[in-house]
Amino acid sequence: MDDTEAVGTKHEPPASSAASGERIVIVAFTASMIAALALAVVYWRGGQPQLEGVLLAVSLGGIGVGMVVWAKRFLPAGEITEERGRMASTDEEVASFTQAFEQGEQAIQRRALLLKLLGGAVGALGIAALFPIRSLGPRPGRGLFDTAFRNGVRLMTVDNEPIRPEDLSVGGVVTVWPEGHVGEPDSPTLLVKVEDPELFRPPTVARWTVGGIVAYSKLCTHTGCPVGLYQARERLLLCPCHQSTFDVVEGAKPIFGPATRPLPQLPIGLNQAGELVSTGDYREPVGPGFWNRGR
Amino acid sequence: MNQPPPRATRPRRVARWVDDRLGTAYLATKALRKVFPDHWSFMIGELSLYSFVILVVTGVYLTFFFDPSQAETTYRGSYEALRGVEMTAAYRSAVELSFDVRAGLVMRQIHHWAALLFLATMVVHMARVFFTGAFRRPREINWMVGVTLLILAVFNGFSGYSLLDDQLSGTGLRIGYSI
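Residues numbered from 1 in each chain as written. Chains lettered and ligands numbered in written order. Predicted model: local features only at pLDDT ≥ 70, side-chain atom pairs only at ≥ 80, totals over all residues. Heavy atoms only, no water.

A. Summary view of the packing of helix α5 (residues 104-131) of chain B against helix α6 (residues 140-162) of chain B. All names here are of chain B. Across the interface, α5 lies against α6 with an axial gap of 10 Å and an inter-helix angle of 160 degrees. Taken together, the axis directions place α5 and α6 in an arrangement best described as roughly antiparallel. As for how α5 packs across α6, the hand of that crossing is left-handed. Along its contact with α5, which presents F118, L119, M122, V123, M126, V129 and F130, the element α6 presents W143, V147, L149, L150, A153 and V154. Grouping the constituent residues of the contact of α5 with α6 by class yields 13 nonpolar, no polar and no charged. (Axes fitted to C-alpha atoms, helices over the stretch in contact; angles between N-to-C directions. Helix = DSSP H or I, 4+ residues; strand = E, 2+ residues; numbered from the N terminus. Parallel < 35°, antiparallel > 145°, perpendicular 65-115°, else oblique. Left-handed = near helix turned anticlockwise from the far one by under 90°. Contact = heavy atoms within 4.5 Å. Nonpolar A, V, L, I, M, F, W, Y, C, P; charged D, E, K, R; others polar.)

Shown next, in the form of structure tokens:
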């Protein structure tokens, strides 16, 4: 039952190192005990994280060092060879299994039918068990392709207030949502004001801007992080996740970083009350690419 | 072989009690006689194992104090810089663990380091297994179990630091959500 053959050399360590080895083990275990007691005292008196850490390290480490030195110095060492045992069963074991298996078969007439029905029952249950997958929720369908922006929908800040061009200052960005959908994850939009509308160049659509104010989707076209950082002097929007950089005056096209598609521009205008509104939805899906985005 | 039977000391009686019920002598002999390579690199898997044990132990301690709740609340604990700040209950419980629970910070730190070591030693261990060819027959199933463990550990680690609701977890979740 045991295939180990302890063939090879076994040697006892020399007696001189035995004494020093024992000393190390004694010191290690004693230090461990003292550290553990000190740890309990420190904890009792209010605790101090660094001291707790050090004492815990000495306590556990002392046990470890003691055990390792004990094993290395005092347990038998040397080269031992063990034959690879058989992994597969012996012929006798297979035969006795076959016999035990077949012994279970009494006189069954319609064996094939019974087996098929067993397979059918288990298979049917397995198929039925797949149906709860539907509970994972509806497929996104066209949900990824549009947002709640429509012609005339007011742009609301995070405090659910409308916003006017005067409220924005040059060099600042404000995040807005469609009215009634504040906080919705697919539609955060950045309003950026530049000092001179003449700065806008294609592919920025000029008729989608209001004065020097342009609106871009806040969702990075790389992996969807909110592009929250604005370098006002260079007029660049920076995504904090992977440092994709978008040029505000050139249609938010990416000039650095892993993003390959520009941030979609939201067409904006003014309503009767002088508040900023969207004049339509984004013309392309926002955010990162997805499988059927091109269709 | 006419020696008298060994003295029935307490350890021997306990061992005999266990063996009478579990038949442990056979397994124990196999364990003691197991031939195992002497090189230190074969211990790296044990580093992973004990990292995991430490993760479980410190994790159990932390679960007594962590509040996995998204409810908005105000911090009123002993850390001045955050007092009065609105935060989720999850983050508040983490800050309280650091400042108001005795040895809480040590447990958090140990848990964090153990998690890092866990993944690092798993990768190094996998490299050792690969370069010593220990994944070959008859140990292919072992290798597949190991790869599964690595994947599970990665997801476990990600979900673990996402619980805290701090800057790192929020950013990480945002990225995961976008994938």
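B. Representation of the nonpolar core in the model. Residues and elements named next belong to chain A. Within the largest apolar cluster, 19 residues are counted, with the highest numbers of intra-cluster contacts made by V192, Y216, V227, L237, F246, V248 and L263. Secondary-structure elements contributing two or more residues to this core are β5 (189-193) and β6 (213-217). Counting residues in each nonpolar core, the second largest holds 15 residues, with L168, L219, I268 and Y282 among its members. (Core = buried A, V, L, I, M, F, W, Y, C linked by side-chain atoms within 4.5 Å. Buried < 20%, exposed > 50% of the residue type's maximum accessible area, 1.4 Å probe, protein only.)

C. Broad picture of the packing of aromatic side chains. Summed over the entire model, instances satisfying the criterion amount to 11 aromatic pairs over all chains. Measuring from ring centre to ring centre gives 5.6 Å for B:F135 and B:W143, while their planes differ by 55 degrees; the resulting arrangement is tilted. Under the relative-accessibility criterion, B:F135 is labelled partly exposed at 26%. Owing to a relative accessible area of 27%, B:W143 belongs among the partly exposed residues under this scheme. Each member of the aromatic cluster is reached from another via a ring pair, and the members are B:F130, B:F131, B:F135 and B:W143. The residue whose ring lies beneath A:R142 is A:F145, and the NZ or CZ to ring-centre distance is 3.8 Å. (Phe/Tyr/Trp six-rings, centres within 6.5 Å; stacked < 30°, edge-to-face > 60°. Lys NZ or Arg CZ within 6 Å of the ring centre and 35° of its normal.)

D. Quick peek at the layout of surface pockets. All names here are of chain B. Roughly 1900 Å³ of internal volume is contained in the second largest pocket. Forming the boundary of the second largest pocket are 46 residues, of which K34, F36, A134, R139 and N142 lie nearest the centre. Mapped by element, the contributors of at least two residues to the lining of the second largest pocket are α2 (24-33), α3 (44-63), α5 and α6. Among the elements that line the lining of the second largest pocket, the one with the most residues is α6, at 10 residues. In terms of residue class, the lining of the second largest pocket is made up of 22 nonpolar, 10 polar and 14 charged. (1 Å grid on protein atoms, 1.4 Å probe; cavity = no way out; pocket = protein on both sides within 12 Å on 5 of 7 lines; lining within 4 Å. Points joined across faces, edges and corners; volume = space filled by probe spheres on them.)

E. Focus on the pairing of strand β12 (residues 276-279) of chain A. All names here are of chain A. In terms of strand pairing, strand β3 (residues 151-156) meets β12 through three bridges, oriented antiparallel. Paired with V153 across the bridge in β12 is S278. In the sheet, strand β11 (residues 268-270) pairs with β12 via three bridges, with the strands oriented antiparallel. Among the inter-strand pairings, L270 is bridged to a residue of β12, identified as L276. Linking two consecutive strands that pair antiparallel, namely β11 and β12, is a turn of five residues; a positive phi of about 80 degrees is found at G274 within it. (Pairing = 2+ DSSP bridges.)

F. Broad picture of the sheet that holds strand β9 (residues 245-247) of chain A. All names here are of chain A. In spatial order, the strands read β7-β8-β9-β10; together these four strands make up an open sheet with antiparallel pairing. Single-partner strands in this sheet number two, and they are β7 (229-231) and β10 (253-256). Direction aside, neighbouring strands of the sheet carry axes that sit 35 degrees apart on average. The pairing of β7 with strand β8 (residues 236-238) spans three bridges and is antiparallel. Opposite Y230, over in β8, you have L237 as the bridge partner.

G. Summary view of the side chain of A:T221. All names here are of chain A. Within the element layout of this structure, T221 appears in the loop between β6 and β7. Since its relative accessible area comes to 5%, T221 is described here as buried. Of the polar contacts made by the side chain of T221, one reaches the backbone oxygen of R261; its length is 2.6 Å. Ignoring sequence-local partners within four residues, the contact set of T221 consists of F246, A259, R261, P262, L263, P264, G287, P288 and G289. (Polar contact = N/O pair within 3.5 Å; in protein donor to acceptor, adjacent residues only side chain to side chain.)

H. A look at the state of the cysteines. Residue and element names in this part refer to chain A. Counted under the stated rule, the structure contains one disulfide over all chains. With its sulfur 2.0 Å from that of its partner, C225 forms a disulfide with C241. Judged by the torsion about the S-S bond (-90 degrees), the C225/C241 disulfide is left-handed. Note that C225 is positioned in the loop between β6 and β7 and C241 in the loop between β8 and β9, a separation of 16 residues in sequence. A single burial state applies to C225 and to C241, both of which are buried. Cysteine C220 is unpaired, with the sulfur of C239 as its nearest cysteine sulfur at 3.8 Å. Overall, the relative accessible area of 2% leaves C220 in the buried class. (Disulfide = S-S within 2.5 Å.)

I. Local environment of a nonpolar patch on the surface. A cluster of nonpolar residues, A:I127, A:L130, A:F131, A:I133 and A:L136, forms a patch on the protein surface that exposes about 610 Å² of accessible area. Tracing the backbone through its elements, the reader meets A:I133 in the loop between α4 (111-130) and β3. (Patch = residues over 30% accessible without salt bridge, like charges linked within 9 Å, V, L, I, M, F, W, Y side chains within 5 Å. Areas by Shrake-Rupley, 256 points an atom, 1.4 Å probe, with all protein chains shown as cover. Salt bridge = Lys/Arg side-chain N within 4 Å of Asp/Glu carboxyl O.)

J. Local environment of the pattern of salt bridges. Tallied over the full model, the rule gives nine salt bridges over all chains. Between A:R293 and A:E284 there is a salt bridge whose closest N-O contact spans 3.5 Å. Classification of A:R293 by relative accessible area gives buried; the value is 17%. Residue classification places A:E284 among the partly exposed positions, given a relative accessible area of 32%. A salt bridge links B:E80 to B:R83; its shortest N-O distance comes to 3.8 Å. Classification of B:R83 as partly exposed rests on a relative accessible area of 42%. By sharing partners, the salt bridges in this structure join A:R154, A:E179 and A:E275 into a single network.

Purely spatial values, then, with no claim about function.
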